[in-house]
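One-letter residues, chain by chain:
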Amino acid sequence: MISNEENKDGLYVLSISDTGVSHRIAGKPNQDSIAFVVEGQDFVIAVSDGVGSCKHAEMGSRFAVDAVIKLFTENVYKGRNAVEDLPELIIDEWLSAIEENNPDDYCATLKAAIKRGNQIMMISIGDLNL
């Protein structure tokens, strides 16, 4: 079991992840990823689950949360219609991390919450293997 507990600027985050029995038996790694950033009163938290049938699912889930964190920290979506544009920006960043590899080998799901100013965005991408 992997657990992580952090308290930063009044935001308490607890994450717990466990490698499933079938993954342990097959010698597959834990394919869950979580990341968060707090900047003053703003924050982002992203959680991704790699799809076990995909060859590099653990990397796909890491790339997914990294994409959300990068977009948040670099304000890439600022000044855009974030609610509509953000999922597309996340997918583009995820694909960029995969480079020329087959996206079907990096399948993952993604859930993220972003608070920037008075705006709160919830993102759910069911399958990142376009």
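How each quantity is defined
- Residues numbered from 1 in each chain as written.
- Predicted model: local features only at pLDDT ≥ 70, side-chain atom pairs only at ≥ 80, totals over all residues.
- Heavy atoms only, no water.
- Disulfide = S-S within 2.5 Å.
- Helix = DSSP H or I, 4+ residues; strand = E, 2+ residues; numbered from the N terminus.
- Buried < 20%, exposed > 50% of the residue type's maximum accessible area, 1.4 Å probe, protein only.
- Phe/Tyr/Trp six-rings, centres within 6.5 Å; stacked < 30°, edge-to-face > 60°.
- Lys NZ or Arg CZ within 6 Å of the ring centre and 35° of its normal.

Engineer: Explain the state of the cysteines here, please?
Structural biologist: Put plainly, a disulfide is one covalent bond tying together the sulfur atoms of two cysteines. In this structure the tally under the stated criterion is 1 disulfide. The disulfide partner of Cys-54 is Cys-107, and the S-S distance across this bridge is 2.1 Å. Disulfide Cys-54-Cys-107: the torsion about the S-S bond is -75 degrees, which places it as left-handed. In this pair, Cys-54 sits in the loop between strand E4 (42-50) and helix H2 (57-73) while Cys-107 sits in the loop between helix H3 (82-98) and strand E5 (108-116), placing the two residues 53 residues apart along the sequence. Per residue, the accessibility class of Cys-54 equals that of Cys-107, and both read buried.

Engineer: What is the right way to read the environment of Cys-107 from this model?
Structural biologist: Residue Cys-107 is classed as buried on the basis of its relative accessible area of 3%. In this structure the C-alpha to C-alpha distance between Cys-107 and Lys-55, which are 52 residues apart in sequence, comes to 8.4 Å.

Engineer: Please clarify how the packing of aromatic side chains should be interpreted in this entry.
Structural biologist: Both the distance between ring centres and the angle between the ring planes are used here to describe each pair of aromatic rings. This structure, assessed with the given rule, holds 1 aromatic pair. Between Phe-63 and Tyr-106, the ring centres sit 6.0 Å apart and the planes meet at 25 degrees, which makes this aromatic pair stacked. A residue pair is termed long-range when its members are at least 10 positions apart, and Phe-63 in helix H2 and Tyr-106 in the loop between H3 and E5 qualify at 43 residues. With a relative accessible area of 5%, Tyr-106 lands in the buried category. The cationic tip of Arg-116 hangs over the ring face of Phe-72; the distance from NZ or CZ to the ring centre is 4.0 Å.

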